[in-house]
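# Summary of the model geometry
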Amino acid sequence: MDFDTSAELFKALADPNRLKVLRLLASPPANDCAQPGSVCACDLEGQLGLSQPTVSHHMKLLVRAGLVTATKRGKWTDYALNAEGFEKARELLSALEQPDLNAVTCQSGKTKGVQP
């Protein structure tokens with residue numbers, strides 16, 4: 001398991017505004033601005049009550065984490081959920097529940113490595 005990549009994904013989820021973005025992208029409102037199934041950056045500003053630079057920052061982190069896709073359309077960007085990113089998050093959570101078969105055992109019988 002790549003802990004650095006995993007941490008980046010979970011850091012992206014660790015903000016209330018980014019969670020609101022994901023909820024909004026899960027059921028995007030119908031409008032004339034964005035492609036079906038996506039939300040335009042301009043709509044995110046209004047829906048979330050955040051400034052353009054703040055929305056841009058949050059979206060950059062969500063895209064980098066693989067949870068959201070971004071499609072440029074002229075000066076605007078349309079955002080949509082990335083199903084593959086959510087599947088990766090599920091797999092990471094599942095992997096954390098599994099015993100670490102590579103853990104080293106001490107002479108005392110205690111396991112060294114990642115603590116539960």
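Treat the numbers as computed from the prediction; the structure is a model and nothing was measured.

As a further point, take helix H5 (residues 83-97). Taking 1.5 Å as the rise per residue, H5 with 15 residues should run 21 Å; its terminal C-alpha atoms sit 22 Å apart, in good agreement. Restricting attention to buried positions, one finds in H5 the residues Gly 85, Ala 89 and Leu 92. Along the long axis of H5, the arc covered by the buried residues comes to 60°, so they all point the same way. Projecting away from the buried face of H5 at angles above 90 degrees are the exposed residues Ala 83, Glu 84 and Glu 97.

Glancing now at the confidence of the model for the protein chain. With 84% of its residues at a pLDDT of 70 or more, the protein chain has an overall mean of 84. Within the protein chain, the lowest mean pLDDT, 54, falls on strand E5 (residues 111-112), and the highest, 95, falls on helix H4 (residues 52-64).

Following both chains from N to C, one finds helix H2 (residues 16-26) and H4 inclined at 75°, their axes separated by 10 Å at the closest point. In terms of axis orientation, H2 runs roughly perpendicular to H4. The residues of H4 that touch H2, namely those facing Asn 17, Arg 18, Val 21, Leu 22 and Leu 25, are His 57, His 58, Met 59, Leu 61 and Leu 62. For the contact of H2 with H4, the per-class residue count stands at six nonpolar, three polar and one charged.

What follows is about the pattern of salt bridges. Opposite charge on two side chains allows them to pair when their charged atoms are near. Counted according to the given criterion, the structure contains three salt bridges. The shortest N-O distance in the salt bridge between Glu 8 and Arg 64 comes to 3.9 Å. In this pair, Glu 8 is assigned in helix H1 (residues 3-13) and Arg 64 in helix H4, connecting sequence segments 56 residues apart. The partly exposed category is assigned to Glu 8, whose relative accessible area is 32%. Of the charged contacts, one joins Glu 87 and Arg 90 as a salt bridge, the two residues approaching to 3.2 Å between their closest N and O atoms. Of the two residues, Glu 87 and Arg 90 both sit in helix H5, three residues apart, roughly one turn of that helix. Taking the relative accessible area as the measure of exposure, Glu 87 reaches 37% and is therefore partly exposed.

So, about the state of the cysteines. A complete count under the given rule lists zero disulfides for this structure. Between Cys 40, a free cysteine, and Cys 42, which holds the nearest cysteine sulfur, the sulfur-to-sulfur gap is 3.0 Å. Under the relative-accessibility criterion, Cys 40 is labelled buried at 0%.

Let us now look at helix H3 (residues 41-48). All buried positions along H3 are accounted for by Ala 41, Leu 44 and Leu 48. Burial along H3 is one-sided: seen end-on, the buried residues are contained in an arc of 45°. Contact partners of the buried residues in H3: H2, strand E1 (39-40), H4 and strand E3 (76-81). Gly 49, located one to two residues past H3, shows a positive phi value of around 70°.

Criteria and thresholds
- Residues numbered from 1 in each chain as written.
- Predicted model: local features only at pLDDT ≥ 70, side-chain atom pairs only at ≥ 80, totals over all residues.
- Heavy atoms only, no water.
- Helix = DSSP H or I, 4+ residues; strand = E, 2+ residues; numbered from the N terminus.
- Expected span 1.5 Å × (residues − 1).
- Buried < 20%, exposed > 50% of the residue type's maximum accessible area, 1.4 Å probe, protein only.
- Arc of directions from axis to C-beta.
- pLDDT = per-residue confidence, 0-100.
- Axes fitted to C-alpha atoms, helices over the stretch in contact; angles between N-to-C directions.
- Parallel < 35°, antiparallel > 145°, perpendicular 65-115°, else oblique.
- Contact = heavy atoms within 4.5 Å.
- Nonpolar A, V, L, I, M, F, W, Y, C, P; charged D, E, K, R; others polar.
- Salt bridge = Lys/Arg side-chain N within 4 Å of Asp/Glu carboxyl O.
- Disulfide = S-S within 2.5 Å.

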